[in-house]
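Structural features, examined
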Amino acid sequence: MTRLTGKGEARRAAIVEAAARLLAEAGPDALTHRAVVAASGVPLAATTYYFASIDDLRAAAVEALTAQERAAAEDLVAAVPRRARSAAATARLVVDVVHGAGRTRDDELLALYARFLACGRHPALRPVLRAARQAIDAALADLLDRCGRTGADVATLVALVDGSTVSALVEGDGSARRRAEEAVARALG
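As the structure is a prediction and not an experimental result, all values here were calculated from the model.

Another aspect to go through is the environment of Arg-103. Of note, Arg-103 is situated in the loop between helix H5 (87-99) and helix H6 (106-117). For the pair Arg-103 and Thr-48, spaced 55 residues apart in the sequence, the C-alpha separation amounts to 32 Å. Excluding residues that lie within four positions of it along the chain, Arg-103 makes contacts with Glu-69, Glu-108, Leu-109, Leu-112, Arg-115 and Arg-177. Within the local environment of Arg-103, its side chain forms a polar contact with the side chain of Glu-69, the two groups lying 2.5 Å apart. Separated by 2.6 Å, the side chain of Arg-103 and the backbone oxygen of His-99 make a polar contact.

So this is what it looks like as structure tokens:
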């Protein structure tokens, strides 16, 4: 793509922002050119002008969304004072970092995990999500240190959060966040 003007950069940013909102609300498969056009208010031709394919737009949206989430997780961790915490208190913070502090409802968590599962259908998302997960893992290591739990295994805790969340989402009883916190608290025991 050629160098964009200020107006072109603003239009492209509006498209990515709208796509990121759709992605956060409904998952990566909800992104279509028409859905993004409706959400952003740009002409249909703009999405194909600024992005070679829907896959390119999807990757840009995932990158924008994960950048926001990484920054929020890093800010959350930086605000946690260094002191020993109970397993339950630490678990709440761990789940805040993995899920995002504002995500509490199952529908929000379903959209988050749909993004991860989409890597099978959209391989272009893999490097973006891999980098995001590495940043979250680093934030978790810092968080665990701040909570007096330096020896805790980040990979195991993330697997517990992910596995318990997906299991609860399958059951559909609204308990995904609570069950993730309980699983992590038991592991931190």
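This next bit is on the nonpolar core. Core analysis: the biggest nonpolar cluster contains 31 residues, and Val-94, Val-97, Val-98, Leu-140, Leu-143, Val-161 and Val-184 have the highest contact counts within it. At the level of elements, helix H4 (54-78), H5, H6, helix H7 (126-146), helix H8 (154-171) and helix H9 (176-188) are the ones that each hand at least two residues to this core. Considering every element that reaches this core, the biggest residue donor is H5, with seven residues. In contact with Val-97, not counting residues within four places along its chain, are Ala-73, Leu-76, Val-77, Ile-136, Ala-139, Leu-140 and Leu-143. Ranked by size, the runner-up nonpolar core spans 24 residues in total, among them Ala-60, Ala-61, Val-62 and Leu-125.

Reading the values: rules and limits
Residues numbered from 1 in each chain as written. Predicted model: local features only at pLDDT ≥ 70, side-chain atom pairs only at ≥ 80, totals over all residues. Heavy atoms only, no water. Helix = DSSP H or I, 4+ residues; strand = E, 2+ residues; numbered from the N terminus. Contact = heavy atoms within 4.5 Å. Polar contact = N/O pair within 3.5 Å; in protein donor to acceptor, adjacent residues only side chain to side chain. Core = buried A, V, L, I, M, F, W, Y, C linked by side-chain atoms within 4.5 Å. Buried < 20%, exposed > 50% of the residue type's maximum accessible area, 1.4 Å probe, protein only.

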